[in-house]
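Examining the three-dimensional arrangement
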Amino acid sequence: MSRRSLLRGTLRGVTPKIAALILVTVLVLVVFGGTIAPQDPLHQDVAHLLQGPSGRHWFGTDYLGRDVFSRLLAGSRLSVVTALEAVAVALVLGAVPALAGGVLGRVYDFVANRVADAVMTLPTLVFAIALIAVLGNRLTPVMLAMGFLMSPQFFRVTRAATVTLSGEQYVEAAELFGVSRSRTLLVHIAPKVLPTIVVTAATATATALLTVSSLMFLGIGVVPPAPTWGGVLSSDLNYLSQTPWAPLFPAAFIMLTAGSLNILADAARDAGRGGRVLVPAVPALATDPDDLEEAAHDRISVA
Amino acid sequence: MTASLLRETSTATTTPVLDVRDLSITVGDGAAEAVRSVSFRIERGETVGLVGESGSGKTLTCRTALGILAPGCTVTGGTLAVDGADVRTVSRRDWRSLRGRHVGAVFQDPGSYLNPSIPVGRQVREAIRAVSDLSRRQARERAIELLALVGMREPEHVYRQLPGELSGGMLQRVLVAIAICGDPNLLVADEATTALDVTVQAEILELIKSLRDSRGLSVLFVSHDLAVVAELCDRVVVFYAGEIVETGPTREVLENPQHPYTRAMMRVASLGDYTRRELDVIPGAPPAVGAALPGCRFAARCEFAQAACSQAPVQLTPHGAGEVRCRRADELVLAATAPERRSA
Amino acid sequence: MAIGVLTLDGAGTGIDWRSGRAARYLRALGRGVGIFVPVILLSTFITYGLGALSDTNPAAAVLGETATPADIARMNHTFGLDRPFLSQYVHWLGRALHGDLGRSYFTQIPVSTSIAQRLPIDLSLALVAIVFAALIGGGLGVLAATHPGTWIDRTVTAICAVFMSLPAFVIGIVLVVAFATTLRIFPSAGYVPFSLDTGQWFLHILLPAFALSLETAMSIARQLRTSLVRELAQNYVVGAEVRGLRPARVMTVHVLRNAAGPALTVLGASIPVMIGGAVVTETVFSLPGLGQLAVSSAEQRDIPVVQGVLIVTSALVILANLVVNISLGKLRPGRTR
């Protein structure tokens, strides 16, 4: 299935188009967020604390009198970029060993799978907290750890796709002609696995965004007063009784971004169904390669 | 409804087991009429074969008799009565008393009609408990009896096995056991022997025959394998493009076909390969499902067609011991070689 | 293992150890153990290795600034820190398996004690959340699958899309605002132990568990819908109908049994997420659980406590996955070799 037709198929219908629009907007905010904000996100207007939405402050002010709207715009970068970085790490750590598994044999396969299983059992947030205990409250190690913990997802998905594709007749034919295993991998299999990885990356970014927001909500990885979406939510919690509607704004940002990613991922998956975009379920502790293959044939969505 | 059902069947020495009158069915949410005004009957103890190509309407008809028409398919005219109960008026709850007790079914690819995760014996037992009041233990005994009845040599062992562990022939026997466990009057067999290899086919046919003889079971046997039909059925009903084109006693129809289509089919069959699936030796193709044609639906491919054939609808008229839908039936003398009886 | 349970058909048949169902189960068990043991080892190794990343010297941390190098060396020896890394790991693991997770650097309270105190809270939260997720997800999935293409189906899909994109703590906050602060139906904070007052326990745990369960419930609903639609199209459903079985029975005994597999897998994969999410939910609802413990210990760089929490939560995840895998094996016996 060609890239272009996959793209077109993904964007069919009203909902995916809206989702794409939202994501483009978010991207703009990420790049330019701080500069297009109407006011300085750090400026404290002590005369107007905890104000509701007004002409001057579209989303109101927080407990220090800062403009919420500007804070959320500026906070886009930290929240979204951290999530993207984590996904990038996860992708590399997960997909590469999976592709390599195509050439390296059964022992490697077994070990790699067990490592993936083990990593999947570590709860992300608890691990991140543990990391903070060890290394101090810095964002980079947390982001790397998140990537590390998400890599099994990519590993599983890529492996399932590789296993299925390796069974395809044209691959077997290539091997019979004497093409080396690694070349087969690079030329035939890797390009076909790419769409699968992209779809997984989309859902993973959504999940990562939620996790990053949770971490920042807990105060992990942030250096105040730099704004983040999760951080804004955290301060909102303390003043809930006075401004109960306040959490709506940061929540909306998170939800729209994550939701758009999920919608596009779904649309891409459905569009790819005509072709061979396989996005299997991520089994808990998968054992049988049969199970994985079965899941791959099911083309079930990644949660 | 249920009470009246029982009343009807208790006096049912004369009620046909299956009574189809002017049945019409549309498919695709009314887009096409796939079955047009079809009528035939099955009396108690009779075995009737429905033959025709895929898309001729025979499968739709037998699904209607079971109440399992796919969504989008509707009965738009006529009636179909199973043991006296008109399916157009039967509610979902009533179907549960009809199925298993009045009508049972076996299908092609028997394994796919069983739950792959549950041992077959338990599925037989489940079917028994659905049509009787037996306890689990009693039903289990009965299930083992049934498995023995349908020819399993080690019924206790088979009871515990999963469908994936049994051969096609054994699976079909299991389906037969399930189909007859409620002692129905009618067994619907939709291509029941098609996917099986020749020796197994013969065994299943023998099984059906013995059940028919011992229980007075009526059989509606759908197939496009004429040799099998020849061996099993008392009467045969030939479908073409949603209509019945010929009916009659099996021997008569197969040895002395009156309709050009039947004749063409026999000619193909008599070329020696009874298991051939496509009847594409007849030049041309059947009309699209539901296509509205002014006259005879076989005219385009008929070697005896005249201009008048395509001008007005042709009725199904009595002819000899059966019926035929052809303007020229009386004129044409159609003789064909009878398909040879295969040895079992 | 009660092999007798395997022959559920009333009359017992002989147990065939070498082939048949007993052997199938033994083989599956063997395979399961062969897989879980390495996983447990690797997981604990990573956890322990985390501590080694620290640049804090525990001895120095405990003894304070006035410690002399000799004191520190002695402390190191007591802690076993002068032994090779692998040996340290093995010893640590051995102690952990006996329930000894070390002591807090600062309070000297045994870590296992602190954890044991708070574990029931998180267990309650997680278990109730899992039940909620299964019920809500299952219900929505069945609802959508039995009315495919209708407004019911589309509404369910929309609900799933929305709630899958909301982190648990946001939902928690909304719930607190709606039900606790404004409507005052449920308490907004605190925890009452199960043994003390079941009614109050449930009231306090209801909102947090619900908030925690939603994301998973949505994943389950989507997966179940897909699987159900696929199963409902299978021939054996027609076969079951044709036999005169009641529709409810066909759905539960046959269809759900076969469709539940991938949904159960999704549930299993969500357990780490839920256990992690419990941490944040605790914050929103002021529940004194492991999460609070971990966060406060993390701020103080109290490594043994944090390691203890990590290993306990991982162990819970592994245990839960074991249960899920066993259930999957029982659900689909045709698929074990």
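Residues numbered from 1 in each chain as written. Chains lettered and ligands numbered in written order. Predicted model: local features only at pLDDT ≥ 70, side-chain atom pairs only at ≥ 80, totals over all residues.

1. A closer look at the overall build of chain B
- On a plain count of helices and strands, chain B comes out with 11 helices and 12 strands.
- Counting all 344 residues of chain B, 47% fall into the buried class.
- For chain B, the share of sequence-separated contacts (at least 6 apart) that also reach a separation of at least 24 residues comes to 66%. (Helix = DSSP H or I, 4+ residues; strand = E, 2+ residues; numbered from the N terminus. Buried ≥ 20, exposed ≤ 12 C-beta atoms within 10 Å, placed from the backbone. Contact = placed C-beta atoms within 7 Å.)

2. Observations regarding the overall build of chain A
- Counting its regular elements, chain A contains 11 helices and 0 strands.
- Along the chain direction, N to C, the helices and strands of chain A fall in the order α-α-α-α-α-α-α-α-α-α-α.
- Within chain A, buried positions represent 54% of all 303 residues.
- Restricting to contacts in chain A with at least 6 residues of sequence separation, those with at least 24 account for 71%.

3. Re the pairing of strand S2 (residues 32–42) of chain B
Residues and elements named next belong to chain B.
- One ladder, built from 7 bridges, connects strand S1 (residues 18–27) with S2; its direction is antiparallel. For Asp 19, the partnering residue across the bridge sits in S2 and is Arg 41.
- Counted along the chain from S1 to the antiparallel partner S2, the turn is 4 residues long, and its residue Gly 28 has a positive phi close to 60°. (Pairing = 2+ DSSP bridges.)

4. So, the interface of chain B and chain C
- Taken together, the contacts link 23 residues of chain B with 20 residues of chain C.
- Looking at the side of chain B that touches chain C, the elements that each hand over two or more residues are helix H4 (120–131) and helix H5 (136–149) of chain B.
- Sorting elements by how many residues they give to the side of chain B that touches chain C places H4 of chain B first, with 4 residues.
- Among the residues making up the side of chain B that touches chain C, the classes are represented as 11 nonpolar, 6 polar and 6 charged. (Nonpolar A, V, L, I, M, F, W, Y, C, P; charged D, E, K, R; others polar.)

5. Some remarks on helix H2 (residues 14–36) of chain A
Residue and element names in this part refer to chain A.
- The end-to-end C-alpha distance of H2, which contains 23 residues, comes to just 28 Å, noticeably less than the 33 Å that a straight helix rising 1.5 Å per residue would cover.
- The sharpest bend along H2 measures roughly 60° and falls at Val 30.
- Buried within H2 we find Pro 16, Ala 19, Val 26, Leu 29 and Gly 33. (Expected span 1.5 Å × (residues − 1). Bend = angle between axes of the 7 residues up to and from the residue.)

6. Quick look at the environment of Ala 70 of chain B
- For Ala 70 of chain B, the location among the structural elements is in the loop between helix H2 (58–66) and strand S4 (74–82).
- Considering only alpha carbons, one finds Ala 70 of chain B and Arg 101 of chain B, 31 residues apart in sequence, at a separation of 22 Å.

7. Here's the deal with the sheet that holds S2 of chain B
Residue and element names in this part refer to chain B.
- Taken together, 4 strands build an open sheet; the order of strands is S2-S1-S4-S5 and the sheet is antiparallel. The sheet is open, and its two edges are formed by S2 and strand S5 (85–86), each paired on a single side.
- Here H2 sits on the sheet in contact with S1, S2 and S4, set at roughly 115° to S1. (Axes fitted to C-alpha atoms, helices over the stretch in contact; angles between N-to-C directions.)

8. Description of the interface of chain A and chain C
- Each partner contributes residues to the interface: chain A has 48 residues there, and chain C has 60 residues.
- Listing elements by their share of the side of chain A that touches chain C, those giving two or more residues are helix H4 (106–120), helix H5 (124–135), helix H8 (181–218), helix H9 (229–238) and helix H10 (248–272) of chain A.
- The element that contributes the greatest number of residues to the side of chain A that touches chain C is H5 of chain A, accounting for 11 residues.
- In terms of residue class, the side of chain A that touches chain C is made up of 36 nonpolar, 9 polar and 3 charged.

9. So, the confidence of the model for chain B
All names here are of chain B.
- Of the residues in chain B, 89% have a pLDDT of 70 or more, and the chain-wide mean is 85.
- Taken together, the stretch residues 1–11 has pLDDT below 50 and engages in 13 contacts with residues farther than four places along the chain or on a different chain.
- This model gives residues 336–344 a pLDDT under 50, and the stretch forms 17 contacts once residues within four places in sequence are excluded.
- If you check the scores for this complex, the pTM reads 0.76 and the ipTM reads 0.81. (pLDDT = per-residue confidence, 0-100.)

10. Structural notes on helix H3 (residues 68–104) of chain A
Residue and element names in this part refer to chain A.
- For H3, which comprises 37 residues, the first-to-last C-alpha distance of 53 Å matches the rise-based estimate of 54 Å (1.5 Å per residue) to within 8%.
- When the local axis directions of H3 are compared, the greatest deviation, roughly 35°, occurs at Gly 75.
- At the exit of H3 stands Gly 105, carrying a positive phi of roughly 95°.

11. A closer look at the sheet that holds strand S10 (residues 243–249) of chain B
All names here are of chain B.
- Across the sheet, which stays open at both edges, the 8 strands sit in the order S6-S7-S8-S3-S9-S10-S12-S11 with mixed pairing between neighbours. Across the chains shown, the open sheet's two edge strands, defined by having one partner strand only, are strand S6 (103–107) and strand S11 (317–319). Ignoring which end each strand starts from, the neighbouring axes of this sheet average 25° apart.

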